[in-house]
Amino acid sequence: MNKQSQWKSSTGFILASAGSAIGLGAMWKFPYMAGIYGGGAFLLMFLAFTIFVGLPLLMMEFTVGKMGKTYTTKIYEKLTQKKWLNIIGWNGNLAVFVLFGFYSVIGGWIIIYIFNVALQMITFSDDNLGNIQFEAIIGNPFLTIVGQGIFILLTMIIVMMGVEKGLEKASKFMMPLLFIFLIVIVIKSLTLDGSMEGLKYILQPRLEDISMQGILFALGQSFFTLSLGTTGMITYASYASKEMTIKTSAISIVAMNILVSILAGLAIFPAITAFGYKPTEGPGLLFKVLPKVFDQMAFGSGFYLIFLILFLFAALTSSISLLELNVSNFTKNDNAKRKPVAFCASVLVFMISIPATLSFSSLSGIHFGAGTIFDNMDFLVSNILMPLGALGTTLVVGQLLNKKDLKAHFGKDKFKLFMPWYYLIKFVLPIVIVLIFVVQFI
Ligand code: TRP
């Protein structure tokens, strides 16, 4: 997307930014995180953080984008006349770069699964999707590297051709379709024998399951799903026209993200207990459990294939905006440099994504810090760079920007939300972020 392009309506803006925000975070990452960090307790913390921290921060990022209207390694300077503050934009740039590195691993898995299911259908082998062995596929270094290579290549081609707009149009029907599919999976999951235990696990918060680590990861999860602190949402808002409404847009995106996360939870957890899995399976959770659910449906492989394609689509609408962010910052919105920059960024991403992929095969023995190399990349992004970026922006908005200007960009304020929002950003949220941040290192 180039600088000239603007979203014509508020709905166009909401669709585009929702496409970017809703991706693997809600559908793949939420269930596996919730599985590790206490099920219902995690869901509760995630909801609290998303509503009381994520929503105001999203409104803040939208306001900054709308005020600054330029790429994010320049926007802080433009708004405050302090060049060094552009470091917040560069932090976001680094975050999306590393994020794309491990995001593409999961994107690659989806592609491999698509081929697998399609081939099974062609060869008319018995319709047993439960046979799709996660370990055999994901433990194959060559296959997974090829998969993620294809995912990065697809993303790169879309960004180079500048056809994101077309993709956004397609998302108008692809996203609702994905939604419907999720609901169907939820229904199927809930009717499996032994599903109630799993349902209880994800819906019933048990206070004893709340841990300091869980709190930290729940905050990281709400940052991740809402793309906060990466300046991604600032970029989207910088393209927006005057009509874009900050509150409606932010509330819609938060609501959609919560809904998709909960649906993903309701789809996965009942099936976990029904099929005798452990909730703590980790990043492979969705890929292990879902084939079993589809296996129980009539025309299971056909539906699974369509679901995987929709899932890939949701991942791609996010990955193109990850790459786009790097491209817009390094080209400074100069379209002539778009292709070479997109190419170089993609090659670099491919390189850093290889150790992430191999965390599930040849390098699975390497454990340090937060776990495998993959886990550490995720931790660096979700729990360090994203909170830091968001903290930086709260400080800029709360301490350096003019309140009147902010109010003017905040838009019509029928429900008198501006003042509470402003004080949250100015006094409360920076302290909350710092506290949670400091506690993790104690
Ligand atoms: N929110 C995205 C997801 O849930 C991931 C993401 C984080 C992202 N930061 C971003 C996407 C910046 C695009 C731009 O999948």
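Quick look at the structure, then. (Residues numbered from 1 in each chain as written. Predicted model: local features only at pLDDT ≥ 70, side-chain atom pairs only at ≥ 80, totals over all residues. Heavy atoms only, no water.)

Points about the overall build of the chain
Reasoning step 1: Secondary structure assignment for the chain yields 18 helices and zero strands.
Reasoning step 2: By the compact-globule yardstick of 22 Å for 442 residues, the chain fits well, its C-alpha radius of gyration being 21 Å.
Reasoning step 3: Once the C-alpha set of the chain is aligned to its principal axes, its extents read approximately 65 × 50 × 40 Å.
Reasoning step 4: Counting the 442 residues in the chain, one finds 60% classified as buried.
Reasoning step 5: A separation threshold of at least 6 residues defines the contact pool for the chain, and within that pool the share at least 24 residues apart is 83%.
Reasoning step 6: Charged side chains of the chain number 31 positive and 20 negative; the gap between the two group centres comes to 16 Å. (Helix = DSSP H or I, 4+ residues; strand = E, 2+ residues; numbered from the N terminus. Rg over C-alpha atoms; globule rule 2.2 N^0.38 Å. Buried < 20%, exposed > 50% of the residue type's maximum accessible area, 1.4 Å probe, protein only. Contact = heavy atoms within 4.5 Å. Lys, Arg positive; Asp, Glu negative; His and termini not counted. Charge placed at Lys NZ, Arg CZ, Asp CG, Glu CD.)

Section: helix α13 (residues 285-295)
Reasoning step 1: Of all eleven residues in α13, nine are buried; the element is thus mostly enclosed.
Reasoning step 2: Within the span of α13, buried status applies to Leu-285, Leu-286, Phe-287, Lys-288, Val-289, Leu-290, Pro-291, Val-293 and Phe-294.

Digging into the environment of Glu-281
Reasoning step 1: Its location among the elements puts Glu-281 in the loop between α12 (246-274) and α13.
Reasoning step 2: Separated by 56 residues in the primary sequence, Glu-281 and Thr-225 have C-alpha atoms spaced 20 Å apart.

A look at the site of the ligand
Reasoning step 1: Taken together, 16 residues lie near the ligand, and Ala-21, Tyr-103, Phe-224, Ser-227 and Ser-321 sit nearest.
Reasoning step 2: Contact distances for the ligand include 2.8 Å between a nitrogen atom and a backbone N or O atom of Ala-21.
Reasoning step 3: In the environment of the ligand, a nitrogen atom lies 3.1 Å from a nitrogen or oxygen atom belonging to the backbone of Thr-225.
Reasoning step 4: Burial of the ligand by the protein amounts to 100% of the accessible area it has alone, namely 360 Å².
Reasoning step 5: Of all the secondary-structure elements, those providing two or more residues to the shell around the ligand are α1 (10-21), α2 (24-36), α5 (87-122), α10 (212-225) and α14 (300-331).
Reasoning step 6: Per-class residue counts for the shell around the ligand are eight nonpolar, eight polar and no charged. (Near = heavy atom within 4 Å. Polar contact = N/O pair within 3.5 Å; in protein donor to acceptor, adjacent residues only side chain to side chain. Areas by Shrake-Rupley, 256 points an atom, 1.4 Å probe, with all protein chains shown as cover. Nonpolar A, V, L, I, M, F, W, Y, C, P; charged D, E, K, R; others polar.)

Observations regarding the nonpolar core
The nonpolar side chains of a soluble globular protein tend to be buried with one another.
Reasoning step 1: Ranked by size, the top nonpolar core spans 154 residues in total, and within it Leu-57, Phe-62, Phe-287, Tyr-304 and Phe-307 carry the most contacts.
Reasoning step 2: Looking at this core element by element, the count peaks at 18 residues for α5. (Core = buried A, V, L, I, M, F, W, Y, C linked by side-chain atoms within 4.5 Å.)

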